[in-house]
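What follows is each chain in one-letter form.
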Amino acid sequence: VTGVQTCALPISSLDTIQDEMDNAWSPAEFGLLGAMDKIGMTATSMLWGRSLQLCNTKLLLVFGLTLNTLCTAIFGSLRSKGPMYAAKFLMGATQSLQGVWATVWTVSMAPPGQKTMWIGMGALSAGIGNGIGTAAAGFGTANGLPYAFAFQLQAACLALLGLLDRKSNV
């Protein structure tokens, strides 16, 4: 399992979510929904750091990627605020595991003179992933697809990458 995913709530999805949920969201509620993954990342990062010291790293990463994939796929089909908040929190919590592991791995494995560049490449890949996700959400909703499309597409890509990684490590 490699890489770090992002689960930002693309602004291009907000109008579609409002339409699909009969204008049930206030701006503050949307703000909280958009922040829930970051709250999950922050709240769980120290727990994952300790877990990575005590448990089998590969099993934890497989568990985290699997749970992230499920939460991402489920988020797109939810139409109730509470479960949507919970799914976004869990998406962030599982991404925190991958972020902590990736940072520790990079610092441990990068050549001494290139650590900063290697860490920067991780941030760059997250930005590219965010851009692709925002484009998928924007073009999808602009062409009449539900907001679920971008999240289900991300979940499918995560599942495919997880399967490819498992095949390469067998």
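The following paragraphs examine the structure supplied in this document. All of these numbers come straight from a predicted model, not from anything done at the bench.

1. A word on the side chain of Thr 141
Thought 1: With respect to the element layout, Thr 141 can be found in helix α5 (residues 115–142).
Thought 2: Take Thr 141: its relative accessible area is 17%, and that puts it in the buried class.
Thought 3: At a separation of 3.4 Å, a polar atom in the side chain of Thr 141 contacts the main-chain carbonyl oxygen of Gly 138.

2. Structural notes on the packing of helix α4 (residues 81–109) against α5
Thought 1: Interhelical geometry of α4 versus α5 gives an angle of 155 degrees and a closest axis separation of 9 Å. Put simply, α4 runs roughly antiparallel to α5. Note that α4 runs across α5; the crossing there is right-handed. Within the contact between the two elements, α4 uses Trp 105, Thr 106, Val 107 and Met 109 and α5 uses Lys 115, Trp 118 and Ile 119.
Thought 2: Grouping the constituent residues of the contact of α4 with α5 by class yields five nonpolar, one polar and one charged.

3. Examining a nonpolar patch on the surface
Thought 1: Together, Met 117, Met 121, Leu 124, Ile 128 and Ile 132 make up an exposed nonpolar region whose accessible area comes to about 510 Å².
Thought 2: Summarising the element assignment, Ile 128 is placed in helix α5.
Thought 3: Assessed through its relative accessible area of 47%, Ile 128 is described here as partly exposed.

4. Comments concerning the environment of Pro 146
Thought 1: Within the element layout of this structure, Pro 146 appears in the loop between α5 and α6 (148–168).
Thought 2: Looking at Pro 146, the relative accessible area reads 35%, which means it is partly exposed.
Thought 3: Here the alpha-carbon distance between Pro 146 and Thr 16, two residues 130 residues apart in the chain, equals 6.7 Å.
Thought 4: Setting aside chain neighbours within four positions, we find Pro 146 in contact with Thr 16, Glu 20 and Thr 141.

5. Description of α5
Thought 1: Taking 1.5 Å of rise per residue, 28 residues should cover 40 Å, and α5 covers 41 Å from first to last C-alpha, within 8% of that figure.
Thought 2: Among the residues trailing α5, Gly 144 stands out with phi positive, at a value near 90 degrees.

6. Side note on the packing of aromatic side chains
The geometry of an aromatic ring pair comes down to the distance between the two centres and the angle between the two planes.
Thought 1: Tallied over the full model, the rule gives seven aromatic pairs.
Thought 2: With a centroid separation of 6.1 Å and 80 degrees between ring planes, the pair formed by Phe 75 and Tyr 147 is classed as edge-to-face. One end of the pair, Phe 75, is in helix α3 (residues 57–77); the other, Tyr 147, is in the loop between α5 and α6, with 72 residues separating them in the sequence.
Thought 3: In textbook terms, an aromatic cluster arises when at least three aromatic residues are bridged by ring pairs, as seen for Trp 25, Phe 30 and Tyr 85.

Cut-offs used in this document
Residues numbered from 1 in each chain as written. Predicted model: local features only at pLDDT ≥ 70, side-chain atom pairs only at ≥ 80, totals over all residues. Heavy atoms only, no water. Helix = DSSP H or I, 4+ residues; strand = E, 2+ residues; numbered from the N terminus. Buried < 20%, exposed > 50% of the residue type's maximum accessible area, 1.4 Å probe, protein only. Polar contact = N/O pair within 3.5 Å; in protein donor to acceptor, adjacent residues only side chain to side chain. Axes fitted to C-alpha atoms, helices over the stretch in contact; angles between N-to-C directions. Parallel < 35°, antiparallel > 145°, perpendicular 65-115°, else oblique. Left-handed = near helix turned anticlockwise from the far one by under 90°. Contact = heavy atoms within 4.5 Å. Nonpolar A, V, L, I, M, F, W, Y, C, P; charged D, E, K, R; others polar. Patch = residues over 30% accessible without salt bridge, like charges linked within 9 Å, V, L, I, M, F, W, Y side chains within 5 Å. Areas by Shrake-Rupley, 256 points an atom, 1.4 Å probe, with all protein chains shown as cover. Salt bridge = Lys/Arg side-chain N within 4 Å of Asp/Glu carboxyl O. Expected span 1.5 Å × (residues − 1). Phe/Tyr/Trp six-rings, centres within 6.5 Å; stacked < 30°, edge-to-face > 60°.

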